[in-house]
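Overview (structure and organization)
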Amino acid sequence: MDRIAAENRMAELREKLEEYGYHYYVLDKPIVSDAEFDKLMQELVKLESDFPELITEDSPTVRIGGNPLPHFEKVQHEIPMLSLGNAFNEQDLRDFDRRVSEGVGQPVTYACELKIDGLAVSLKYENGRFILGATRGDGTTGENITNNLKTVRSIPMKLKEAVDIEVRGEAFMPKQSFEKLNVAKLEAGEEPFANPRNAAAGSLRQLDPKIAAKRNLDIFLYSLAQLKDKEVFSHTEALQYMSELGLKTNKEAKHCKNIDEVIEYVDSWLEKRPHLAYEIDGIVIKVDSLDAQKKLGFTAKSPRWAIAYKFPAEEVVTTLEGIELS
Ligand SMILES: NC(=O)c1cnc(OC2CCCC2)nc1N
């Protein structure tokens, strides 16, 4: 194949693979078979090795993982990645509701989300292209794990609009992938991971991205940190906008009109939690209006407009030939 034909075919393959990847990993609705997807990926890998000068930064082949890093660079978060205050019972939630309504001077509505039990990360896009991914670290300084996050298939390399945006979310390992990984570890005589959160963190802290690429990591984005050229007025709207850009958000999020609806939502998910494909350690409740959030502000380490309702620890058992290990 000559260079011009190769250049055109590679651009076509990148386009197709990104589109197919979005449907498969973000929408969970594949539009081609795995075999077809793999065939196209292998064709692009082959063309990139025949024409290395034609490889582009945002090629889907980065999902397979590039070369290992000597160490992780530090990243300063322009907006600190805060922690959440906790609630453990209904009374704590009602106290939160009263504090918030008094602080705002009127009743508020809430955005409720499953609290994904993974690793908090920040994703930065410039002109719609993924340029920087970092761990939360101590909230002010994190580690640059861009190469590892590029192997997370549900993180788009290119957004549907060429915007500058920073979003935050939770990278996680689905329960089934955790089980399979631990069986493989046990069979290799290696130490298994204690839980999916440690497995996700351990995978993203590998210097060699080829390891993260094999760990079937996933992500849900849940907060819009920086946004230019667009105005949103509520958290619910922010989540909708992120989803329109092609970012993966959790579809179980719910807008609750008052604290009674929040309590109903919390109780319902305590029941349904074991049936989820991923671990959650509670529910995050956020004041929906961004104006009200601004009015409430922050304590030294947490927003006054959000709280985490914590569930008791969920046990996940790893079995090897029927031996119960938990
Ligand atoms: N683990 C989660 O699923 C989760 C964590 N944190 C937040 O929100 C923080 C960030 C901005 C204010 C509170 N939302 C979540 N869904």
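Heads up: these notes are all about the structure in this document. (Residues numbered from 1 in each chain as written. Predicted model: local features only at pLDDT ≥ 70, side-chain atom pairs only at ≥ 80, totals over all residues. Heavy atoms only, no water.)

As a further point, take the overall build of the chain. Across its full length, the chain carries 10 helices and 13 strands. Against the 2.2 N^0.38 benchmark of 20 Å for 326 residues, the chain shows a C-alpha radius of gyration of 21 Å, consistent with a compact globule. Considered along the principal axes of its C-alpha atoms, the chain spans approximately 70 × 55 × 40 Å. The buried share of the chain, reckoned over its 326 residues, is 48%. (Helix = DSSP H or I, 4+ residues; strand = E, 2+ residues; numbered from the N terminus. Rg over C-alpha atoms; globule rule 2.2 N^0.38 Å. Buried < 20%, exposed > 50% of the residue type's maximum accessible area, 1.4 Å probe, protein only.)

Here the focus is the site of the ligand. Around the ligand, a shell composed of Leu84, Glu113, Leu114, Lys115, Ile116, Glu170, Tyr222, Val284, Lys286, Pro303 and Trp305 is seen. At 2.8 Å, a side-chain N or O of Glu113 approaches a nitrogen atom of the ligand. Leu114 has a polar backbone atom sitting 3.3 Å from an oxygen atom of the ligand. In the complex, 88% of the free accessible area of the ligand, which totals 380 Å², lies under the protein chains. Of all the secondary structure elements, the ones that give two or more residues to the shell around the ligand are strand E3 (110-116) and strand E10 (280-287). Ranked by the residues each element gives to the shell around the ligand, the list is headed by E3, at four residues. A class-by-class count of the residues in the shell around the ligand yields seven nonpolar, no polar and four charged. (Near = heavy atom within 4 Å. Polar contact = N/O pair within 3.5 Å; in protein donor to acceptor, adjacent residues only side chain to side chain. Areas by Shrake-Rupley, 256 points an atom, 1.4 Å probe, with all protein chains shown as cover. Nonpolar A, V, L, I, M, F, W, Y, C, P; charged D, E, K, R; others polar.)

With respect to topology, four strands assemble into an open sheet ordered E5-E4-E7-E8, the strand pairing being antiparallel. A strand with exactly one partner marks an edge of an open sheet, and here the two such strands are strand E5 (129-135) and strand E8 (218-227). Geometrically, the sheet is characterised by an average inter-axis angle of 25 degrees between neighbouring strands, direction not taken into account. Packing against the sheet, helix H8 (residues 235-244) makes contact with strand E7 (165-172) and E8, and its axis sits at approximately 115 degrees to E8. (Pairing = 2+ DSSP bridges. Axes fitted to C-alpha atoms, helices over the stretch in contact; angles between N-to-C directions. Contact = heavy atoms within 4.5 Å.)

Across the sheet, five strands lie side by side as E2-E11-E10-E3-E9; this open sheet has mixed pairing. Taken across any chain shown, the strands that pair with only one partner, and hence form the sheet edges, are strand E2 (86-87) and strand E9 (254-256). Taken together, the two bridges between E2 and strand E11 (residues 306-310) define a ladder with parallel strand orientation. The partner of Asn86 across the bridge, within E11, is Ala308. Lying on the sheet, helix H3 (residues 90-104) is in contact with E2, E3, E10 and E11; it crosses E11 at an angle near 175 degrees. Along the sheet, H8 makes contact with E3, E9 and E10, crossing E3 at roughly 55 degrees.

All right, on to H8 then. The set of residues buried in H8 consists of His235, Ala238, Leu239, Tyr241 and Met242. Buried residues of H8, seen end-on, are gathered within an arc of 160 degrees and therefore sit on one face of the element. At the exit of H8 stands Gly246, carrying a positive phi of roughly 105 degrees. (Arc of directions from axis to C-beta.)

On to unusual backbone geometry. A positive phi angle, near 55 degrees, is found at Asn127, a position not held by glycine. Looking at the secondary structure, you find Asn127 in the loop between strand E4 (119-126) and E5. Even without being a glycine, Asn216 presents a positive backbone phi close to 50 degrees. You can see Asn216 is positioned in the loop between helix H7 (209-213) and E8.

This brings us to the side chain of Arg168. Assignment of secondary structure puts Arg168 in strand E7. There is a polar contact of 3.3 Å between the side chain of Arg168 and the backbone oxygen of Pro80. Discounting residues that sit within four places of it in the chain, Arg168 has contacts with His77, Ile79, Pro80, Met81, Val121, Ser122, Leu221, Tyr222, Ser223 and Ala225.

Turning our attention to the pairing of E3. With respect to burial, E3 is a largely interior element, seven of its seven residues being buried. Of the pairings in the sheet, the one linking E3 to E9 comprises three bridges and is antiparallel in character. Note on E9: the bridge partner recorded for Ala111 is His255. Note that E3 and E10 share seven bridges and pair antiparallel. Residue pairing in the sheet places Lys115 in a bridge with Gly282 of E10.

Our next topic: the packing of H3 against helix H9 (residues 259-272). One way to put it is that H3 packs onto H9 with a least axis distance of 10 Å and a crossing angle of 145 degrees. The handedness of the crossing between H3 and H9 comes out as right-handed. Contacts between H3 and H9 involve Glu90, Leu93, Arg94 and Asp97 from the first element and Ile259, Asp260, Ile263 and Val266 from the second. Its residues assigned to classes, the contact of H3 with H9 shows four nonpolar, no polar and four charged. (Left-handed = near helix turned anticlockwise from the far one by under 90°.)

Each aromatic ring pair is described using two quantities: the centre-to-centre distance and the angle formed by the ring planes. All told, the structure shown has nine aromatic pairs when counted by the stated rule. Of the aromatic side chains, those joined through ring pairs into one cluster are Phe172, Phe220 and Tyr278. Sitting over the ring of Trp269, Lys272 keeps its end group 4.1 Å from the ring centre. (Phe/Tyr/Trp six-rings, centres within 6.5 Å; stacked < 30°, edge-to-face > 60°. Lys NZ or Arg CZ within 6 Å of the ring centre and 35° of its normal.)

Function cannot be read off these values alone, since they describe shape.
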